[in-house]
Amino acid sequence: MKNTRIWQILGVLVIVLALAACGGNKEIGDENLPPELPEDAESLVMLAKFDLTLKTGVDIEEITTQSITENNFEDASLGIPEPGVDDEAVVTPGYIIILEADGETYQYHASGAKVVQKP
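Computed from a predicted model, the values in this text were never measured in an experiment.

Q: Could you clarify how one ought to interpret the environment of Ile 63 in this entry?
A: The topology assignment puts Ile 63 in the loop between helix H2 (39–56) and strand S1 (64–73). Each C-alpha atom, one on Ile 63 and one on Gly 103, is 9.7 Å from the other, the two residues being 40 residues apart in sequence. If we skip the residues at most four places from it in the chain, Ile 63 touches Lys 49, Leu 52, Thr 53, Val 58, Leu 99, Glu 100 and Ala 101.

And the structure:
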């Protein structure tokens, strides 16, 4: 049953990414996001929500976006380095996304197609 849920979530993710690549449908975005938010940021928020759903089991519709802030990260790790990985030291524009689920807040760093949860 858990595998079925994961496949459902991945299926929705593929649809969201395809719509974002084609210009997207604004109805899919989070109604809590500012209307001037760039399309790539909307896609990154959805990726962060999918990741949080997979990690916590909280239904994606129960996750709210508390804030999204543009940020320039000091390297390609988006400020969250992976052990044993030397990320390129280049300024990387992206976003800091704060999500809320079940009364807990979660911080994600995002850029391009990469979304990483801050421990």
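What follows continues from the structure just given.
Q: Please explain H2 as it appears in this structure.
A: An α-helical segment advances 3.6 residues per turn. Residues three or four places apart therefore align on the same side. Under the 1.5 Å per step criterion, the end-to-end length of H2 is 26 Å for 18 residues, consistent within 8% with the ideal 26 Å. Within H2, burial applies to Ala 41, Glu 42, Ser 43, Leu 44, Val 45, Met 46, Leu 47, Ala 48, Lys 49, Phe 50, Leu 52 and Thr 53. In the segment just after H2, Gly 57 is the residue with positive phi, at about 85 degrees.

Q: Please explain the nonpolar core as it appears in this structure.
A: Residues Leu 52, Ile 97, Leu 99 and Tyr 108 are the most contacted members of the largest nonpolar core, which totals 16 residues. Breaking this core down by element, the ones donating at least two residues are H2, strand S2 (92–101) and strand S3 (104–111). The leading source of residues in this core is H2, at six residues. The next biggest cluster of nonpolar side chains, apart from the first, holds six residues, and it includes Phe 73, Ile 80, Ile 96 and Val 116.

Q: Would you mind going over the pairing of S2 with me for this structure?
A: On any regular strand, side chains alternate: one points to one face of the sheet, the next to the other face. Summarising burial for S2: eight of the 10 residues are buried, a large majority. As judged from the nine bridges shared by S1 and S2, these two strands associate in the antiparallel manner. Bridged to Thr 69 within S2 is Ile 96. Sheet topology note: the S2/S3 ladder contains seven bridges and is antiparallel. Paired with Glu 100 across the bridge in S3 is Thr 105.

Q: Sorry, what's going on with the sheet that holds S1 here?
A: Sheet strands line up and pair through hydrogen bonds in the backbone, either parallel or antiparallel. Taken in spatial order, the four strands line up as S1-S2-S3-S4 in an open sheet, and their pairing is antiparallel. The open sheet has two edge strands, S1 and strand S4 (114–117), and neither has a second partner. Here the average twist between neighbouring strands, direction ignored, is 25 degrees. H2 rests against S1, S2, S3 and S4 of the sheet, and its axis sits at about 45 degrees to S2.

Q: Quick question: what am I supposed to make of the pattern of salt bridges here?
A: Where side chains of opposite charge bring their charged atoms close, a pairing between them can arise. Tallying each qualifying case throughout the model produces one salt bridge. Put simply, Lys 55 and Asp 51 hold a salt bridge, and the shortest N to O gap is 3.0 Å. Here Asp 51 and Lys 55 lie together in helix H2, a separation of four residues that amounts to about one turn. A relative accessible area of 23% means that Asp 51 is categorised as partly exposed.

Cut-offs used in this document
Residues numbered from 1 in each chain as written. Predicted model: local features only at pLDDT ≥ 70, side-chain atom pairs only at ≥ 80, totals over all residues. Heavy atoms only, no water. Helix = DSSP H or I, 4+ residues; strand = E, 2+ residues; numbered from the N terminus. Contact = heavy atoms within 4.5 Å. Expected span 1.5 Å × (residues − 1). Buried < 20%, exposed > 50% of the residue type's maximum accessible area, 1.4 Å probe, protein only. Core = buried A, V, L, I, M, F, W, Y, C linked by side-chain atoms within 4.5 Å. Pairing = 2+ DSSP bridges. Axes fitted to C-alpha atoms, helices over the stretch in contact; angles between N-to-C directions. Salt bridge = Lys/Arg side-chain N within 4 Å of Asp/Glu carboxyl O.

By themselves these figures say nothing about function.
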